[in-house]
Amino acid sequence: MRQVTTDELDGGYSLPPGRALAICQQIEAAILEHRLQPGMKLAEDEVGETFGVSRTVARTALQALAHGGLVTIERNRGAFVSRPTMREAHEVFEARGLIEPRIARMAAKAITPEQLAQLKSHIDAEHDAVRIGNKGLALALSGTFHNAIAEIADQKVLTHILRSLVSRSSLIIALYGKRPDTACESHSHHALMDAFAKNDVAGAEEIMKSHIIDLHSGLDLKERAVEKPSLANVFQFTQAK
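- Taking an unreviewed UniProt entry as the reference, the chain is identified by name as GntR family transcriptional regulator belonging to Notoacmeibacter ruber.

**Points about the overall build of the chain**
Phase 1 of the analysis: A tally of regular secondary structure across the chain gives 10 helices and two strands.
Phase 2 of the analysis: Secondary structure elements in the chain, listed N-terminal to C-terminal, are α-α-α-β-β-α-α-α-α-α-α-α.
Phase 3 of the analysis: Sorting the 241 residues of the chain into buried and exposed places 48% on the buried side.
Phase 4 of the analysis: Partitioning the contacts of the chain with sequence separation of at least 6, the portion at a separation of at least 24 is 77%.

**Some points on the nonpolar core**
Phase 1 of the analysis: Residues Phe93, Ile103, Leu119, Phe145, Ile149, Ile172 and Phe196 are the most contacted members of the largest nonpolar core, which totals 35 residues.
Phase 2 of the analysis: Mapped by element, the contributors of at least two residues to this core are helix H4 (86-110), helix H5 (113-131), helix H6 (135-153), helix H7 (156-176), helix H8 (186-197) and helix H9 (201-217).
Phase 3 of the analysis: The dominant element in this core, judged by the number of residues it contributes, is H4, at nine residues.
Phase 4 of the analysis: Apart from residues no more than four positions distant in its own chain, Ile149 is found in contact with Ile103, Ala104, Ala107, Leu119, Leu192, Phe196 and Met208.
Phase 5 of the analysis: Residues Ile31, Ala58, Leu62 and Leu231 belong to the second largest nonpolar core, which totals 25 residues.

**Quick look at the environment of Ala204**
Phase 1 of the analysis: Here Ala204 is to be found in helix H9.
Phase 2 of the analysis: Those residues within four positions of Ala204 in sequence are excluded, and the remaining contacts are Ala104, Ala108, Leu192, Ala195 and Phe196.

Reading the values: rules and limits
Residues numbered from 1 in each chain as written. Predicted model: local features only at pLDDT ≥ 70, side-chain atom pairs only at ≥ 80, totals over all residues. Heavy atoms only, no water. Helix = DSSP H or I, 4+ residues; strand = E, 2+ residues; numbered from the N terminus. Buried < 20%, exposed > 50% of the residue type's maximum accessible area, 1.4 Å probe, protein only. Contact = heavy atoms within 4.5 Å. Core = buried A, V, L, I, M, F, W, Y, C linked by side-chain atoms within 4.5 Å.

Laid out in structure tokens, this is it:
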């Protein structure tokens, strides 16, 4: 099964140097795969101990993630995995509804056979994750599929914005998802693939528009508690796999 790689992960944050970048990418992957839950505390000391780095390097990584919205830093309390409000949930999907149909239109016009094959590999990997019951990984791969479409459209500013929105969407779905298929439904992705294969720009735009509406409607916007496993347990589990 295809895995999410660190060079595919960039949630809209300013990339820090050296070891801090690797920590950002690992924490982001854990958030996208729902191993780190919204509201979980990310203490600098614990981050440093978990990844074997100094507190200064840990702080640099957390500040970079905070810049991209995945982490919230509260004065005198420290850093936490961001916990989007219901209002932000609406705003994120409204923003995606404005941006992504246009991106899909541009991608349908520009896509090459090689890029179409790459998108299919994203879908296959997502299906594999669903088949083995790894919903968090399926969601992360779904986000990668959407980011890949933006890269095909070759719009750097929109791609950067979308990466941040997709990462925030994962947090929102972790909190408010109300059905098991809140990650991207396979029929929507296959319909997009058909439109891309035909260079159907209008069709791709409409399919993406409906798709984002469906994702938004799949949220149950009520406050709820979430589990908060320890940081060490999350990454020990990852290493064990």
